[in-house]
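Examining the three-dimensional arrangement
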Amino acid sequence: MPTDHLDSSAMSPEATRFAQACLALRNEGLLRKAAFRAENLPVDLLPNVAILDWAPPENLRVRLAGTALCTSYGRDITGLDVLDLPSGLPPEHNRDALMQALRTPDLTAHLVSFQHGGMTVAYERLAHPLVDTEGTARWLAVWVKLRPGLTRTVFMGLVGED
């Protein structure tokens, strides 16, 4: 979802604030890794932030994970490959979505919903590539938060599939 078309009505206030923080840190349309520092983000968003390292051809490892993300997974996820993290979707789908976000020079937003143990689990995921001094995307800044009140029916309506 291009940032100039972000529908903030479909996102939580926290997701909207993460998107705004990323946009504010961009320089000449790019978000440099050097600018994406904890002190530049609203402190209440940090527990849900992760930075992923890209290792060609398509490996993404968690370089840094906020406390809420580690709590959600029940362990420290730093250093793990994204394929090792359950997302409710096939691991390859999750990796492909994140790789697409890495190749997109803008913020991408996804609402994900799946059934687990008879319950609907839903989460928001925003991702923005971080570039090095040459402008090459080598990292991905990700904000993820569960949306416990979001049912699959509402989610499908949000993404236009209902």
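Residues numbered from 1 in each chain as written. Predicted model: local features only at pLDDT ≥ 70, side-chain atom pairs only at ≥ 80, totals over all residues. Heavy atoms only, no water.

The next subject is the overall build of the protein chain. From N to C terminus, the protein chain includes four helices and five strands. For the protein chain, the α and β elements follow one another from N to C terminus as α-β-β-α-α-β-β-β-α. Each of the 162 residues in the protein chain was classed as buried or not, and the buried ones make up 43%. Taking the intrachain contacts of the protein chain between residues at least 6 apart in sequence as the baseline, contacts between residues at least 24 apart amount to 48%. Accessible area of the protein chain: about 8,500 Å², with a carbon and sulfur share of 55%. (Helix = DSSP H or I, 4+ residues; strand = E, 2+ residues; numbered from the N terminus. Buried < 20%, exposed > 50% of the residue type's maximum accessible area, 1.4 Å probe, protein only. Contact = heavy atoms within 4.5 Å. Areas by Shrake-Rupley, 256 points an atom, 1.4 Å probe, with all protein chains shown as cover.)

The next thing to look at is the nonpolar core. Of all hydrophobic cores here, the largest spans 25 residues; its most connected members are Leu-52, Leu-60, Val-62, Ile-77, Leu-98, Leu-140 and Val-142. Among the secondary structure elements, those contributing two or more residues to this core are β1 (49-55), β2 (59-65), α2 (67-73), α3 (91-103), β3 (108-116), β4 (119-131) and β5 (137-146). Counting 20 residues, the second-largest nonpolar core is a separate cluster that includes Met-11, Phe-36, Ala-109 and Leu-126. (Core = buried A, V, L, I, M, F, W, Y, C linked by side-chain atoms within 4.5 Å.)

The topology assignment puts Met-11 in the segment before α1 (13-25). A relative accessible area of 10% places Met-11 in the buried class. Sequence separation between Met-11 and Glu-124 is 113 residues, and the spatial gap between their C-alpha atoms is 7.6 Å.

One non-glycine residue with positive phi stands out, namely Glu-28, at about 55°. Turning to its location among the elements, Glu-28 is positioned in the loop between α1 and β1. On the basis of relative accessibility, which here comes to 73%, the residue Glu-28 falls in the exposed class.

Our next topic: the pairing of β2. As paired elements, β1 and β2 share six bridges and run antiparallel to each other. Bridge pairing in β2 places Leu-52 opposite Val-62. (Pairing = 2+ DSSP bridges.)

Enumeration according to the criterion identifies seven salt bridges in this entry. In this structure, Glu-14 engages Lys-145 in a salt bridge whose closest nitrogen and oxygen atoms are separated by 3.2 Å. Of this pair, Glu-14 sits in helix α1 while Lys-145 sits in strand β5, placing them 131 residues apart in sequence. Take Lys-145: its relative accessible area is 29%, and that puts it in the partly exposed class. A salt bridge links Glu-39 to Arg-37; the nearest nitrogen and oxygen atoms lie 2.7 Å apart. We classify Glu-39 as exposed; its relative accessible area is 56%. Residue Arg-37 is classed as partly exposed on the basis of its relative accessible area of 45%. (Salt bridge = Lys/Arg side-chain N within 4 Å of Asp/Glu carboxyl O.)

With that settled, the discussion passes to α1. For α1, built from 13 residues, the straight-helix expectation of 18 Å at 1.5 Å per residue is met to within 8% by its first-to-last C-alpha distance of 19 Å. Along α1, the positions that sit buried rather than exposed are Ala-15, Thr-16, Phe-18, Ala-19, Ala-21, Cys-22 and Leu-25. (Expected span 1.5 Å × (residues − 1).)

Let us now look at the layout of surface pockets. Unfilled space is identified by rolling a water-sized probe across the atoms. By volume, the largest pocket amounts to about 580 Å³. Lining the largest pocket are 26 residues; nearest its centre among them are Tyr-73, Pro-86, Ser-87, Tyr-123 and Val-144. Of all the secondary structure elements, the ones that give two or more residues to the lining of the largest pocket are β1, α2, α3, β3, β4 and β5. Looking at the lining of the largest pocket residue by residue, the class counts come to 17 nonpolar, six polar and three charged. (1 Å grid on protein atoms, 1.4 Å probe; cavity = no way out; pocket = protein on both sides within 12 Å on 5 of 7 lines; lining within 4 Å. Points joined across faces, edges and corners; volume = space filled by probe spheres on them. Nonpolar A, V, L, I, M, F, W, Y, C, P; charged D, E, K, R; others polar.)

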